[in-house]
Amino acid sequence: MKKTLTDIDVRGKKVLVRVDYNVPFDANFKITNDKRIMETLPTIEYLLKKNASIILMSHLGRPKGKVVSEMSLKPIAIRLGKILGKSIKFVSENCVSVESKKVAKNLKPGQIFLLENLRFHPGEESKNDSGEKNKSSMDTFAKDLASMGEVFIQDAFGAVHRSHASTTGIVKYVKDAATGFLVKKELKFLRKILENPVRPFLAILGGAKVSDKISIIKNLLEKVDSIIIGGAMAYTFLKAQDVNTGASLVENDKLDLALDIFKKTKERKVNFLLPVDHVITNKIDFIKKNVTSDATIENTIDEAIRDGFMGVDIGVKSIEKFAEIIKSAKTIVWNGPLGIFEIDEFSKGTVEIAKVVADVTDKGVISVIGGGDSITAAKKARIDKKISHISTGGGAFLEFLEGKDLPGITVLPDKK
Ligand code: AMP
């Protein structure tokens, strides 16, 4: 167990908090979704109550060690100020400049200072000016950041799978460190499902490519009772079993891998479910994300897809079959849409399955959803508020499911 915010003394201290304010903007630099800001409020409000002075640190986008004015955190300082009803201190361009350090030094209890984009500095991602790896530049930057505060709180779950100055490097230069409330909540749910799930434990995996999800499937095979596979991924598994997949997205170089997975599911006695029918079409505009008016859309009678047609969603029989398994599960983890859900005509499978997951959650099942598109899909189905936990960490969530170590967590001190 890692130390958490309530385990360390923050009263009246200068606290450095790593947050993930990598929020989406529209063309006019307006924040389109402030969920990531809102998620950090419990930690900020707790620190304010403890009379701490708060230095918030975040990255935004991929400026690659250079100042890119469009990726400044200034609009976020303004939005956070509006949410909290207080002014947020901010210094442009360089988060470890003389001016920035002066603001940090003079910060009073109850005041908040948001540092400029960490990734404007080459040391954050441990790369030098020419983009080469440079550990000493990361170390110097980490030390510089640490010099502005006394203790460090990690509350950026979306960044803990990266070993950067502000996630791992900083820890050895501060007096104490711990997880914030958001990271604590994420770890509670993710550990519960992977280390001690209430059974039957079901994984639902969708999305575009088997190759992206292979490590997740392999790791989950050791832990789950059932796996539902949907999305384009399913066609590679079907083709490996000599089922006709027509013009569907298939990774031909992954057919042996698919056969290997079938073997492992048998050895582990995991119930491995593929779609038994599909929604198919003969025309689709992937760029505009729509179907052309002359396209034919059909539900197949079985798992085979005829030539010239591609599978774009799970069919009605698959929805029924998958719903049955979902209703018998006690723990569910879901990543990846089951069809091209961005196009309304092909979103039914994902939306219907999401509704069933929401219904069983209502009856006491633990459900966890994560990974970028899955969250958008849950929102499209209007069930995002009904899920036990929606993870805020895209990459970190996926790496956790792969069984990988999260360096930004590992580096934190354990609870005594
Ligand atoms: P991922 O990032 O791997 O979770 O993949 C998400 C993407 O997979 C979404 O953009 C979906 O449109 C896409 N996808 C899901 N099902 C299919 C399918 N049957 N054919 C093509 N793309 C799909």
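All values reported here derive from a predicted model rather than from experimental measurement.

Reading the values: rules and limits
- Residues numbered from 1 in each chain as written.
- Predicted model: local features only at pLDDT ≥ 70, side-chain atom pairs only at ≥ 80, totals over all residues.
- Heavy atoms only, no water.
- Near = heavy atom within 4 Å.
- Polar contact = N/O pair within 3.5 Å; in protein donor to acceptor, adjacent residues only side chain to side chain.
- Nonpolar A, V, L, I, M, F, W, Y, C, P; charged D, E, K, R; others polar.
- Core = buried A, V, L, I, M, F, W, Y, C linked by side-chain atoms within 4.5 Å.
- Buried < 20%, exposed > 50% of the residue type's maximum accessible area, 1.4 Å probe, protein only.
- Helix = DSSP H or I, 4+ residues; strand = E, 2+ residues; numbered from the N terminus.
- Pairing = 2+ DSSP bridges.
- Contact = heavy atoms within 4.5 Å.
- Axes fitted to C-alpha atoms, helices over the stretch in contact; angles between N-to-C directions.

A.B. asks: When you look at the site of the ligand in this model, what are you seeing that I'm missing?
C.D. replies: The environment of the ligand is made up of 15 residues, and the closest members are Ala-208, Lys-213, Gly-311, Glu-342 and Asp-373. Ala-208 places a main-chain nitrogen or oxygen 3.1 Å from an oxygen atom of the ligand. For the ligand, an oxygen atom lies 3.1 Å from a polar atom in the side chain of Lys-213. For the shell around the ligand, the class distribution of residues is 7 nonpolar, 5 polar and 3 charged.

A.B. asks: I tried to follow the nonpolar core on my own but got confused; where do I start?
C.D. replies: As a rule of thumb, nonpolar side chains are buried together in soluble globular proteins. Within the largest apolar cluster, 47 residues are counted, with the highest numbers of intra-cluster contacts made by Ile-217, Ile-227, Ile-229 and Phe-237. Elements with a contribution of two residues or more to this core: helix H6 (181–195), strand E7 (201–205), helix H7 (210–221), strand E8 (226–229), helix H8 (233–240), helix H9 (255–268), strand E14 (366–369) and helix H13 (394–401). Among the nonpolar cores identified, the runner-up in size contains 30 residues, and Leu-5, Val-10, Ile-31 and Val-151 belong to it.

A.B. asks: Looking at this structure, how should I read the sheet that holds strand E5 (residues 151–154)?
C.D. replies: Pairing between sheet strands relies on hydrogen bonds along the backbone, with the strands arranged either parallel or antiparallel. A sheet is described by the order of its strands in space; here 6 strands give the open sequence E3-E4-E2-E1-E5-E6, paired in parallel fashion. Each of the sheet's edge strands pairs with one partner strand only, and the pair in question is strand E3 (89–90) and strand E6 (176–179). Looking at chain direction, strand E1 (residues 14–18) and E5 are connected through 4 bridges and run parallel. In the sheet register, Val-17 faces E5, and the bridge partner there is Ile-153. Here helix H3 (residues 74–84) sits on the sheet in contact with strand E2 (53–57), E3 and strand E4 (112–114), set at roughly 155° to E4.

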